[in-house]
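# Close look at the chain arrangement
In case you want the letters, here they are:
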Amino acid sequence: MSTYVLVHGAWHSGECWERVVPLLAAAGHRVVAPTLTGYGDTAHLLGPEVGLETHVDDIVGLITEEDLTDVVLVGHSYAGLVISSTANQLPDRIAQLVYLDAMVPEDGETAADVMPFTQAMIDQALASESGWRIPPLVGMDPSGGLFGVTDPADVAWLRSMMSDQSVRCLQQPVRLDNPAVNAIPRTHIHCVANVPPGMSRRPVPAIQPNGSPAQVWELETGHDCMITMPGELAELLLKLG
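Since the structure is predicted, the reported quantities are computational estimates derived from the model, not experimental observations.

## A short note on the overall build of the protein chain
Helix and strand content of the protein chain: nine helices and eight strands. A compact globule built from 241 residues would reach a C-alpha radius of gyration of about 18 Å, and the protein chain, at 17 Å, matches this within 12%. Principal axes of the C-alpha set define a box for the protein chain whose edges measure 45 × 40 × 35 Å. The proportion of buried residues among the 241 residues of the protein chain is 54%.

Okay, structure coming up:
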């Protein structure tokens, strides 16, 4: 059996995977859905010093301290950066990288390089009273919901777990300079409904870094598919375990 490590994106917490975890566990897999430093129940730890490297350390520390191997490492949204740098440090422990509607970086790239629209968030944060806080994005969802979530009860639940992000998360570069990381298979899952303007993603190269054909799946839902389509998402993830 595999171990799934589910890494949430910006402003969210590990709680967002609540509907997916039992579905993977029921198939006999170990599932871990941590909350990154500065989010959710660790929001009190958020400060200007918290950045991408902090979150990479979170996941590297989890995997090494728990002695996890054969890991299916899933990164949602911003966490595409986190899982990339994590795999760079621990390639022998990672069986699969899953970019879930995520930023997919090259070595040395920041969030703004991968998705240029984030530069506006960086500029606004630097010019704000705090000089570093980025509040959750609201009002950008064409569906009228929040990150593709439209059910009122689900929107309220999502809002309850959201917190600010430090601008440093979008400024620090990803490290992908370990040749061993190229051997790790990659899977891309794209959420293709109600994509906000300016959120265009890079095309996935036809050939993965390990030389195999690209594996790209689509879900007909908004960005937070772990909330809106947990069963369909779990079904895809179980194909990798």
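## Things to note about helix α9 (residues 230-238)
Taken together, the buried positions of α9 are Pro230, Leu233, Ala234, Leu236 and Leu237. Across the axial projection of α9, the buried residues extend over an arc of 160°, all falling on one side.

## Overview of the side chain of His29
Position of His29 among the secondary structure elements: in the loop between α1 (21-26) and β2 (30-32). What makes His29 buried here is its relative accessible area of 10%. Within the structure, His29 has its side chain in polar contact with the backbone nitrogen of Ser2 (distance 3.1 Å).

## Digging into the sheet that holds strand β8 (residues 216-219)
Ordered by their spatial adjacency, six strands build an open sheet running β2-β1-β3-β4-β7-β8, and the pairing between neighbours is parallel. Bordering the open sheet on either side are β2 and β8, each of which pairs with just one other strand. Ignoring strand direction, the axes of neighbouring strands in this sheet form an average angle of 20°. Bridge count between strand β3 (residues 71-76) and strand β4 (residues 94-100): six bridges; the pairing is parallel. By the bridge assignment for β4, Val72 is matched with Gln96. Sheet strands touched by helix α3 (residues 79-89): β1 (3-7), β3 and β4. Its angle to β3, the strand with the most contacts, is close to 150°. On the sheet, α9 packs against β1, β3, β4, β7 (186-191) and β8 and is oriented at approximately 165° with respect to β8.

## Section: the pattern of salt bridges
Under the defined criterion, the tally for this structure stands at six salt bridges. Residue Asp154 is joined to Arg19 by a salt bridge in which the shortest nitrogen-to-oxygen separation is 2.6 Å. One end of the pair, Asp154, is in helix α6 (residues 152-161); the other, Arg19, is in the loop between β1 and α1, and 135 residues separate them in sequence. The closest approach of N and O atoms between Glu109 and Arg202, which form a salt bridge, is 2.8 Å. A residue pair is termed long-range when its members are at least 10 positions apart, and Glu109 in the loop between β4 and α4 (111-114) and Arg202 in the loop between β7 and β8 qualify at 93 residues. You can call Glu109 buried: its relative accessible area is 15%.

## Looking at the side chain of Thr42
Along the chain, Thr42 falls in the loop between β2 and α2 (52-65). Among the polar contacts listed, one links the side chain of Thr42 to the backbone nitrogen of Gly38, at a separation of 2.9 Å. Among residues more than four places away in sequence, those in contact with Thr42 are Thr35, Leu36 and Thr37.

## Some thoughts on the pairing of β1
Of all five residues in β1, five are buried, a share of seventy percent or more. Residues Thr3, Val5 and Val7 of β1 are buried on one face, and the alternating residues Tyr4 and Leu6, pointing to the opposite face, are buried as well. Sheet topology places β1 next to β2; three bridges connect them, and they run parallel. Residue pairing for β2: Val5 is matched across the bridge by Val32.

## Quick word on the packing of α2 against α3
With their axes 9 Å apart at the nearest point, α2 and α3 run at an angle of 55° to one another. Classified by the interaxial angle, the pair formed by α2 and α3 is oblique. The crossing of α2 and α3 is right-handed. Contact residues: Leu52, His55, Val56, Ile59, Val60 and Ile63 in α2; Leu81, Val82, Ser85, Thr86 and Gln89 in α3. Tallied by class, residues from the contact of α2 with α3 come to seven nonpolar, four polar and no charged.

What counts as what
Along each chain, residue indices are assigned from 1 in the same order as the chain's sequence is written. Since the coordinates come from a predicted model, pLDDT governs what is reported: local features require at least 70, and pairs of side-chain atoms require 80 or more to be given and counted, while whole-chain, interface and lining totals use all residues. Heavy atoms throughout the structure, all of them, feed into the side-chain values; hydrogens and water do not. Labels follow the DSSP assignment, with helices taken as runs of H or I lasting at least four residues and strands as runs of E lasting at least two, numbered in each case from the N terminus. Within these notes, the globule rule equals 2.2 Å times the number of residues to the 0.38 power, and the radius of gyration is based on C-alpha atoms. Using a 1.4 Å probe on the protein chains alone, a residue whose accessible area is under 20% of its type maximum counts as buried, one over 50% counts as exposed, and one in between counts as partly exposed. The directions from the helix axis to the C-beta atoms are what the arc is built from. We define a polar contact as two N or O atoms separated by no more than 3.5 Å, with the added condition that, inside protein, one atom must be a possible hydrogen donor and the other a possible acceptor, whereas residues neighbouring each other in sequence contribute only through side-chain atom pairs. Any two strands are treated as partners once DSSP identifies two or more bridges connecting them. In this analysis, axes come from line fits to C-alpha atoms, helices being fitted only over the stretch in contact, and the angle between any two N-to-C directions falls in the range 0 to 180 degrees. The contact definition used throughout considers only heavy atoms, calling two residues in contact when any of these lie within 4.5 Å. Salt bridge, as used here, is a side-chain nitrogen of Lys or Arg placed within 4 Å of a carboxyl oxygen of Asp or Glu. Under this scheme an angle from 65 to 115 degrees is roughly perpendicular, one under 35 degrees roughly parallel, and one over 145 degrees roughly antiparallel; angles in between are oblique. For any pair of crossing helices, the crossing counts as left-handed if the nearer helix is rotated counterclockwise from the farther one by less than a right angle, and right-handed if it is rotated clockwise. All amino acids are sorted into three groups, where Ala, Val, Leu, Ile, Met, Phe, Trp, Tyr, Cys and Pro are nonpolar, Asp, Glu, Lys and Arg are charged, and the leftover types, Gly among them, are polar.

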